[in-house]
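# Survey of secondary and tertiary structure
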Amino acid sequence: MSLSTQRLDHFLAKQCQISKGKVRLLLAQKRVCVDGTVNCSIEQSVNKFSKISLDGTVLQDNPAYYVMLHKPVGVVCATKDKQHSTVIDLLPFDFKNQLHIVGRLDLNTSGLVLLTNDSRWSEAITQPEQKIEKTYQVTLEKPIDNSYIDGFKQGMYFKYENITTQPADLTIINQHCAQVILTEGKYHQIKRMFGRYRNPVVGLHRSQIGDLTLDNSLTPGQSRHLTEHEVALFNKV
Ligand code: URA
C-alpha cells in the first residue's frame, strides 16, 4: 500500500490541462504554492497529501488522518467482520472508512492500535527493516523464571514460516507478569513464544509502539487524533 508520488509539473499539466511550457512559466512567476511555499521546482515530487494551489485557488487539499485507539479485548483488527465488531466500528470519526490499521492485534489482545490514511507513515512503522519496538504487558498462567529472558533474547525457530525470531527483550515484573519488547510482528508471536515454555498467555496488552505510548486517559474503546509531535515520531519512508 505505497503512497504514489508524481512530479509537480505532471500534476499541474494534467490538473489544469496546460502544456509543460505553461507550467514552467507559472512556477517561474511563483503562482503555484505547494505546502506553503511558492519556491517550487518542476521536478519536485508531490503526493495525494501535498497541498497545492494556483493563484490562491486550491487544486488539491486532502487531509491526512492519524488516530490512536485503545483496543478492547473481543474487537477484531479488521475493517469488516461478520462475527465481531471491528476497530473501525469503534471510531467516532466520519472519515473512519478511509483509514487502514497500522499493525494488527489479536482478538483477545488489548491496547494501542494506530490507524491512518497515510501509507508512507504506516510503512515507516510496519516495514520490518525499520525495527520499530512494540512493548507488551503479558500475563501468564504459570510462573515465569529467568530462563525465559535468554530464550527470548536468543530467538526461536518457527518451523511454519521457517524463520528465527529477532532478539526480544523480556523483563520479569512478577511471577506471572512480564514486559516483552518485539521489533517484529509474526502471527501470534508472543503466545507462540511463551508456548515454547508450555505457559499459556492469559492477558496481552500493547502499551507502546516506538516512542508513542497509549494515552492512559483513553478507556478501552476510546480513540483520539495524534498530536503533530506524535505523528513526527515516525519518519516517513
Ligand atoms: N503477539 C501475540 O501473540 N498477539 C498479539 O496480538 C500481538 C503479539
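A quick note: this is a predicted structure, and the numbers were derived from the prediction, not measured. Along each chain, residues carry numbers from 1 onward, in the same order as the chain's sequence is written. In view of the model being predicted, local features appear only for residues whose pLDDT reaches at least 70, and side-chain atom pairs are presented and counted only at 80 or more, with totals across whole chains, interfaces and linings using the full set of residues. To obtain the side-chain values, all non-hydrogen atoms of the structure were included, while hydrogens and water were left out.

### Digging into the packing of helix α1 (residues 8-16) against helix α2 (residues 20-28)
Each axis is a line fitted through C-alpha atoms, and for a helix only the stretch in contact is used; angles between axes span 0 to 180 degrees, taken between their N-to-C directions. Put simply, DSSP H or I for four residues or longer makes a helix, DSSP E for two residues or longer makes a strand, and each gets a number counted from the N terminus. In the contact formed by α1 and α2, the axes pass within 9 Å of each other and the chain directions differ by 110°. Taken together, the axes of α1 and α2 lie roughly perpendicular to each other. For α1 against α2, the interelement crossing comes out right-handed. Here Leu8, Asp9, His10, Leu12 and Ala13 of α1 lie close against α2, whose contacting residues are Lys20, Val23 and Leu27. Polar here means any residue other than Ala, Val, Leu, Ile, Met, Phe, Trp, Tyr, Cys and Pro, which are nonpolar, and Asp, Glu, Lys and Arg, which are charged; Gly is therefore polar. The residue inventory of the contact of α1 with α2, partitioned by class, reads five nonpolar, one polar and two charged. Should an angle fall under 35 degrees it is called roughly parallel, over 145 degrees roughly antiparallel, and 65 to 115 degrees roughly perpendicular, with every other angle called oblique. Left-handed describes a crossing whose near helix is turned anticlockwise from the far helix by less than a right angle; the clockwise case is right-handed. Here, two residues are considered to be in contact whenever any of their heavy atoms come within 4.5 Å of each other.

### Quick word on the domain arrangement of the protein chain
Domain segmentation is taken from an automatic or database assignment of domains. For the protein chain, the assigned domains read domain 1 (5-60) and domain 2 (66-232). Computed over C-alpha atoms, the centres of domain 1 and domain 2 are 40 Å apart.

### Re the site of the ligand
If even one non-hydrogen atom of a residue comes within 4 Å of a molecule or strand, that residue is called near it. Taken together, Leu105, Asp106, Thr109, Tyr136, His188, Gln189, Ile190, Lys191 and Leu204 form the complete shell of residues around the ligand. Residue His188 places a main-chain N or O atom 3.3 Å away from an oxygen atom belonging to the ligand. Residues adjacent in sequence count toward polar contacts only when both atoms are side-chain atoms; beyond that, a polar contact is any pair of N or O atoms within 3.5 Å, and within protein one must be able to donate a hydrogen and the other to accept it. Here an oxygen atom of the ligand sits 3.4 Å away from a polar atom, N or O, in the main chain of Gln189. In a pocket analysis with a 2 Å cut-off to the grid points, the ligand is assigned to the largest pocket. Using protein atoms alone on a 1 Å grid, points that fit a 1.4 Å probe yet trap it form a cavity, whereas open point sets bounded by protein on both sides within 12 Å along at least five of seven lines form a pocket; residues with an atom within 4 Å of a point count as lining. Throughout, a molecule is located in a cavity or pocket provided that more than half of its atoms lie within 2 Å of its grid points.

### Remarks on the pairing of strand β9 (residues 134-140)
Taking burial as the measure, the seven residues of β9 include five buried ones, the bulk of the element. With six bridges joining them, β9 and strand β13 (residues 177-182) adopt antiparallel strand pairing. Of the residues in β13, the one forming a bridge with Val138 is Ala178. Bridge count between β9 and strand β14 (residues 201-209): seven bridges; the pairing is antiparallel. Pairing of Lys134 across the sheet is with Ile209, part of β14. Burial classes: relative accessible area under 20% of the type maximum marks a residue as buried, over 50% as exposed, and values in between as partly exposed (1.4 Å probe, protein chains only). Note on pairing: DSSP must find at least two bridges between two strands before they are called paired.

### Structural notes on the sheet that holds strand β2 (residues 32-34)
Ordered in space as β2-β4-β5, the three strands form an open sheet in which the pairing is antiparallel. One side of each edge strand has no neighbouring strand; the edge strands of this open sheet are β2 and β5 (57-60). Across the sheet, the mean angle from the axis of one strand to that of its neighbour is 25°, orientation sign disregarded. Where β2 lies against strand β4 (residues 52-54), three bridges are found, and the strand directions are antiparallel. The residue bridging Cys33 from the neighbouring strand is Ser53, located in β4. Helix-sheet contacts for α1 involve β2, β4 and β5, and the interaxial angle to β5 is about 110°.

### Some words on the environment of Lys186
Looking at the secondary structure, you find Lys186 in the loop between β13 and α6 (189-195). A C-alpha to C-alpha distance of 9.0 Å links Lys186 and Glu161, two positions 25 residues apart in sequence. If near-sequence neighbours (up to four positions away) are discounted, Lys186 is found in contact with Phe158, Glu161 and Ile163.

### Details of helix α5 (residues 147-154)
Among all positions in α5, only Tyr148, Gly151 and Phe152 are buried. Down the axis of α5, the buried side of the element spans an arc of 95°, and every buried residue falls inside it. Tucked inside the fold, the buried residues of α5 contact β12 (169-174), β13 and α6. Phi for Gly155, located one or two positions after α5, is positive at around 95°. When we speak of the arc, we mean the arc of directions from the helix axis to the C-beta atoms.

### Re the pattern of salt bridges
For this analysis, a salt bridge means a side-chain nitrogen from Lys or Arg found within 4 Å of a carboxyl oxygen belonging to Asp or Glu. Using the criterion set out here, one finds eight salt bridges in the structure. Salt-bridge contacts for Lys191 lead to Asp106; the nearest nitrogen and oxygen are separated by 2.6 Å. Pair noted here: Lys191 is in helix α6 and Asp106 is in the loop between β7 (100-102) and β8 (110-116), with a separation of 85 residues, a long-range link. Among the residues examined, Lys191 registers a relative accessible area of 24% and is labelled partly exposed. A single salt-bridge network, built from bridges that share partners, covers Asp215, Arg224 and Glu230.

### Considerations on unusual backbone geometry
Phi at Asp35 takes a positive value of approximately 50°, unusual for a residue other than glycine. Relative to the elements of secondary structure, Asp35 occurs in the loop between β2 and β3 (45-46). Phi is positive for Asn162, close to 55°, though the residue is something other than glycine. With respect to the element layout, Asn162 can be found in the loop between β10 (157-158) and β11 (163-164).

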